[in-house]
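Structural description and commentary
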Amino acid sequence: MIILSIETSCDETAISVVEAVGDFPQATYEILGNSLFSQIDIHREYGGVFPALAKREHIATILPMLERALAEATLPHDYTPDPSPEVVANINDILKRENGLAPLLLEYHTTVGKPPIDMIAVTSGPGLEPALWVGVNFAKALSTLWQVPVVPVDHMAGHIVASIFDGHHLAPLSFPALALLVSGGHTELILMRDWRQYDKIGQTRDDAVGEAFDKVARLLGLPYPGGPEISKLATIARTNNFPPFAKLPAPMLHSGDFDFSFSGLKTAVRNAVTNKTLTTTEQAALARDFEDSVVTVLIHKLTKAIETHQVNSVILGGGVAANNRLRDAVSALGTNTAFPHLSIYLPALNLSTDNSVMIALAGHAEVASALSPEAFAATRADGNRSL
Ligand code: KG4
Ligand code: ZN
């Protein structure tokens with residue numbers, strides 16, 4: 001089957017065309033088309049993602065992303081007759097909040113016709129609601145135009161499958177599996193006893209890890225997104241063995257549960273820099289001290305959860321999974337003699353941060369619950385959707 005997937009939960013507008021041969025999770029996947037527009041340069045000016053701005057940019061780029069992904073896929077298009085006045089009215093109504101998008105989509109459809117897409121997968125949450133709505137409404141319009149079913153996908157389920165994808169296949173997971181998901185909006189430990197069974201055993205009580213990286217970067221005067229910037233400086237500090245700059249807490253290290261908290265750590269960094277002008281050496285040292293604290297807490301809780309739940313697989317997922325220090329520390333668990341049967345899965349770097357390939361894969365897992373265009377019409381974007 002050929003899946004068209006849509007991701008607009010934050011500041012990436014992404015659309016993929018993925019062919020799946022066989023059933024999930026043993027299928028062979030071929031990425032036929034893949035387009036992604038990152039709004040990072042637009043948001044950088046403001047030091048973070050502004051939902052209203054993100055929405056406007058998704059509206060402006062979603063159709064070009066569709067055109068690019070479909071063109072790359074070089075699928076035969078079926079020159080269907082022009083949509084009926086009812087369908088046109090319906091599309092205009094579905095996209096009434098995506099100013100100007102309906103006529104452009106209808107014009108595109110009239111020119112190229114219907115591609116052989118069997119199912120649409122779209123992120124319906126979690127994320128920034130105004131941003132999510134653009135993808136959800138676009139999926140509604142396409143499913144109405146093409147008369148294909150749609151599956152609403154959980155963004156975090158996408159991050160999980162992204163981490164076990166080698167470009168064509170999903171790794172054969174041995175359960176129980178534990179996913180440590182770390183992104184700009186989420187920090188959670190998910191225990192999986194089987195596919196599509198998610199038990200959230202721990203989460204952050206305040207800031208997400210990526211959010212903490214971004215806020216600390218801001219305190220250090222570094223651009224958005226802060227994760228990669230902090231990571232670069234931390235590496236410099238380690239290479240040069242810079243002395244510690246601040247004694248930072250490792251929050252909730254011994255809380256006895258699998259929850260996290262990062263706002264206190266961010267405050268400690270703020271206190272360490274207030275009324276000071278840091279030298280570049282001190283700045284790099286502080287970035288390293290911060291990264292060390294984060295990784296210490298994450299690995300401590302992950303290790304406890306592995307022991308408690310006797311898991312066979314660990315999956316690291318989400319944008320912060322691009323962090324080398326964290327990748328190395330999670331990989332090291334795989335050679336820890338205390339866990340001789342543990343397999344470790346890290347996402348390819350290009351699939352760590354948000355993308356739509358992962359939404360196609362997670363959508364394939366949900367084929368059985370795909371909705372008809374009529375049923376999907378009632379689906380709402382849900383910023384707080386949870387595994
Ligand atoms: O998953 P993602 O692309 O978007 C969300 O769903 O939130 O994650 C983005 C987050 C940002 O906070 C960004 O700073 C962080 O991932 N990030 C990193 C690195 N690369 C991206 N954090 C630490 N180190 C990195 N190398
Ligand atoms: Zn994400």
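What this report covers is the structure whose coordinates are included nearby.

What counts, and where the lines are drawn
Residues numbered from 1 in each chain as written. Chains lettered and ligands numbered in written order. Predicted model: local features only at pLDDT ≥ 70, side-chain atom pairs only at ≥ 80, totals over all residues. Heavy atoms only, no water. Helix = DSSP H or I, 4+ residues; strand = E, 2+ residues; numbered from the N terminus. Rg over C-alpha atoms; globule rule 2.2 N^0.38 Å. Buried < 20%, exposed > 50% of the residue type's maximum accessible area, 1.4 Å probe, protein only. Contact = heavy atoms within 4.5 Å. Areas by Shrake-Rupley, 256 points an atom, 1.4 Å probe, with all protein chains shown as cover. Lys, Arg positive; Asp, Glu negative; His and termini not counted. Charge placed at Lys NZ, Arg CZ, Asp CG, Glu CD. Pairing = 2+ DSSP bridges. Axes fitted to C-alpha atoms, helices over the stretch in contact; angles between N-to-C directions. Parallel < 35°, antiparallel > 145°, perpendicular 65-115°, else oblique. Nonpolar A, V, L, I, M, F, W, Y, C, P; charged D, E, K, R; others polar. Phe/Tyr/Trp six-rings, centres within 6.5 Å; stacked < 30°, edge-to-face > 60°. Donors = N, O, S within 2.8 Å, 3.2 Å for Na, K, Ca; no water. Core = buried A, V, L, I, M, F, W, Y, C linked by side-chain atoms within 4.5 Å. Expected span 1.5 Å × (residues − 1). Arc of directions from axis to C-beta. Near = heavy atom within 4 Å. Polar contact = N/O pair within 3.5 Å; in protein donor to acceptor, adjacent residues only side chain to side chain.

Remarks on the overall build of the protein chain
A count of helices and strands for the protein chain gives 13 helices and 10 strands. A compact globule built from 387 residues would reach a C-alpha radius of gyration of about 21 Å, and the protein chain, at 22 Å, matches this within 12%. Within the protein chain, the proportion of its 387 residues that are buried is 54%. A separation of at least 24 residues holds for 76% of the contacts in the protein chain among residues at least 6 apart in sequence. Accessible surface for the protein chain amounts to roughly 15900 Å². Of this, 52% is attributable to carbon and sulfur atoms. Of the charged side chains in the protein chain, 27 are positive and 41 negative; the average position of the first set lies 9 Å away from that of the second.

A word on the sheet that holds strand E1 (residues 2-7)
One open sheet accounts for five strands, arranged E3-E2-E1-E4-E5; its pairing is mixed. Where the open sheet ends on each side, the last strands, each with one partner, are strand E3 (28-38) and strand E5 (150-154). When strand polarity is set aside, the average angle formed by the axes of neighbouring strands in this sheet is 20 degrees. Pairing geometry for strand E2 (residues 12-21) and E3, over 10 bridges, is antiparallel. Along E3, the bridge assignment pairs Glu-19 with Glu-30. Running over the sheet, helix H5 (residues 129-146) touches E1, E2, strand E4 (119-125) and E5 and is turned about 160 degrees from E4.

Overview of the packing of helix H7 (residues 209-219) against helix H10 (residues 280-309)
Running from N to C, H7 and H10 cross one another at 170 degrees; their axes reach a closest spacing of 11 Å. Our classification of the angle between H7 and H10 gives roughly antiparallel. Residues Val-209, Ala-212, Phe-213 and Val-216 of H7 touch H10, and the partners they reach there are Phe-290, Glu-291, Val-294 and Leu-298. Of the residues in the contact of H7 with H10, the class split is seven nonpolar, no polar and one charged.

Let's talk about the packing of aromatic side chains
Under the defined criterion, the tally for this structure stands at six aromatic pairs. Ring centres 5.6 Å apart and planes at 55 degrees place the aromatic pair Tyr-46 and Phe-50 in the tilted group. Taking 5.9 Å as the distance between ring centres and 85 degrees as the angle between the ring planes, the aromatic pair formed by Phe-175 and Trp-195 counts as edge-to-face. Taken together, the positions of Phe-175 in the loop between helix H6 (155-162) and strand E6 (177-182) and Trp-195 in the loop between strand E7 (187-194) and strand E8 (197-203) put the pair 20 residues apart, joining distant regions of the chain.

Examining the coordination of the zinc ion (ligand 2)
Protein coordination of the zinc ion (ligand 2) is provided by His-155 (NE2), His-159 (NE2) and Asp-354 (OD), with donor distances spanning 2.0 to 2.1 Å. Coordination of the zinc ion (ligand 2) draws on donor residues from a single chain, spaced H-x3-H-x194-D in sequence. Of this pair, His-159 sits in helix H6 while Asp-354 sits in the loop between strand E10 (343-345) and helix H12 (357-365); the two residues are 195 residues apart in sequence, bridging distant segments of the chain. Given the relative accessible area of 1%, His-159 is considered buried.

A short note on the nonpolar core
Counting 51 residues, the largest nonpolar core has Phe-290 and Leu-302 as its most contacted members. Taken together, the elements giving at least two residues each to this core come down to E6, E7, H7, helix H8 (226-239), helix H9 (263-273), H10, strand E9 (313-317) and helix H11 (324-333). For this core, the element with the most residues is H10, which contributes 13 residues. Other than its neighbours up to four places away in sequence, Phe-290 contacts Ala-212, Phe-213, Val-216, Ile-230, Leu-248, Leu-265 and Val-269. Counting 38 residues, the second-largest nonpolar core is a separate cluster that includes Val-17, Leu-70, Ile-94 and Ala-139.

Observations regarding helix H4 (residues 101-112)
Spanning 12 residues, H4 covers 16 Å between terminal C-alpha atoms, matching the ideal 16 Å at 1.5 Å per step. Burial in H4 covers these residues: Leu-101, Ala-102, Leu-105, Leu-106, Tyr-108 and His-109. Seen from one end, H4 has its buried residues packed into an arc of 160 degrees, which puts them on one side. Of the exposed residues in H4, the ones pointing more than 90 degrees away from its buried face are Glu-107 and Thr-111.

Let's talk about the site of ligand 1
Around ligand 1, a shell composed of 19 residues is seen, among which Gly-184, Asp-214, Gly-319, Asn-323 and Asp-354 lie nearest. Here an oxygen atom of ligand 1 and a side-chain polar atom of His-159 are 3.1 Å apart. Separating an oxygen atom of ligand 1 from a side-chain N or O atom of Asp-354 is a distance of 3.0 Å. Burial of ligand 1 by the protein chains amounts to 90% of its free accessible area of 560 Å².

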